[in-house]
Amino acid sequence: MNSMWVASTLFFFSLVSIAGLFALKEWERRRSRVLVPVLREKMDKLSFYLKELLAALRIDLEKLPPELLHISRNIIHEVALMAAGLLRFLSFQAHRFADFVSHKHSFQRRAPRSEFLKKVIEHKKGVSGEDEQRSLE
């Protein structure tokens, strides 16, 4: 609510100022007289400089979107590479930690001791062997 009062006040102040400048210009024209000519000359020079600056800024702003796109692409690329490197490092550390807490310290596959597991493996080999024979026929 407070910002609305500030915006309204600034708007009406600007509107009254512009109307005042037009009234001053009309008063000077009728009297054929310029109030504070030195200040007027300085303000005119400043206004022309500001106009040139705004024209140059407009040209630079037209170049800005492609530059921002290029910069943002490079930043996203670098962030993705850093994230991949971090994840790879964390993956290695997770494996090191798993080996550290494991009582074996290195996992090696060997034949199962359980009779049930041996039968399951033999059954799978038999089924896949039958499938191979069927596919050959």
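Residues numbered from 1 in each chain as written. Predicted model: local features only at pLDDT ≥ 70, side-chain atom pairs only at ≥ 80, totals over all residues. Heavy atoms only, no water.

1. Observations concerning the overall build of the protein chain
When you go through the protein chain residue by residue, the secondary structure sums to 3 helices and 0 strands. The linear arrangement of helices and strands in the protein chain, starting from the amino end, is α-α-α. Residues counted as buried form 1% of the 137 residues belonging to the protein chain. (Helix = DSSP H or I, 4+ residues; strand = E, 2+ residues; numbered from the N terminus. Buried < 20%, exposed > 50% of the residue type's maximum accessible area, 1.4 Å probe, protein only.)

2. Concerning the layout of surface pockets
Reported here for the largest pocket is a volume of approximately 190 Å³. Taken together, Leu21, Leu24, Lys25, Glu28, Leu35, Val36, Leu39, Arg40 and Met43 make up the full set of residues lining the largest pocket. Residue contributions to the lining of the largest pocket peak at 4 residues, all from helix H1 (residues 2–31). The class makeup of the residues in the lining of the largest pocket is 6 nonpolar, no polar and 3 charged. (1 Å grid on protein atoms, 1.4 Å probe; cavity = no way out; pocket = protein on both sides within 12 Å on 5 of 7 lines; lining within 4 Å. Points joined across faces, edges and corners; volume = space filled by probe spheres on them. Nonpolar A, V, L, I, M, F, W, Y, C, P; charged D, E, K, R; others polar.)

3. So, unusual backbone geometry
A positive phi angle, close to 55°, is found at serine 32, a residue other than glycine. With respect to the helices, strands and loops of the structure, serine 32 is situated in the loop between H1 and helix H2 (37–101). Taking the relative accessible area as the measure of exposure, serine 32 reaches 69% and is therefore exposed. The phi dihedral of valine 36 falls on the positive side, at around 50°, and the residue is not glycine. Position of valine 36 among the secondary structure elements: in the loop between H1 and H2. A residue is classified by how much of its surface remains accessible, and valine 36, at 52% relative accessible area, is exposed.

4. Concerning the packing of aromatic side chains
For the structure shown, the criterion picks out 1 aromatic pair. Measuring from ring centre to ring centre gives 5.2 Å for phenylalanine 11 and phenylalanine 12, while their planes differ by 70°; the resulting arrangement is edge-to-face. (Phe/Tyr/Trp six-rings, centres within 6.5 Å; stacked < 30°, edge-to-face > 60°.)

5. Let's talk about the pattern of salt bridges
Under the counting rule described, the total for this entry stands at 5 salt bridges. Where glutamate 26 meets arginine 30, a salt bridge forms, and the shortest distance between an N and an O atom there is 3.2 Å. On the criterion of helical spacing, the pair formed by glutamate 26 and arginine 30 is a turn pair, its members being 4 residues apart in helix H1. Classification of glutamate 26 as partly exposed rests on a relative accessible area of 28%. Accessibility expressed as a relative area gives 66% for arginine 30, which makes it exposed. The salt bridge partner of glutamate 41 is lysine 45, with a shortest N-O separation of 3.7 Å. (Salt bridge = Lys/Arg side-chain N within 4 Å of Asp/Glu carboxyl O.)

6. Let's talk about H1
For the α-helix, the turn length of 3.6 residues means that residues three or four positions removed from each other point alike. Here H1 is 30 residues long and its end C-alpha atoms lie 43 Å apart, about the 44 Å a rise of 1.5 Å per residue gives. The buried fraction of H1 is low, at 1 of 30 residues. (Expected span 1.5 Å × (residues − 1).)

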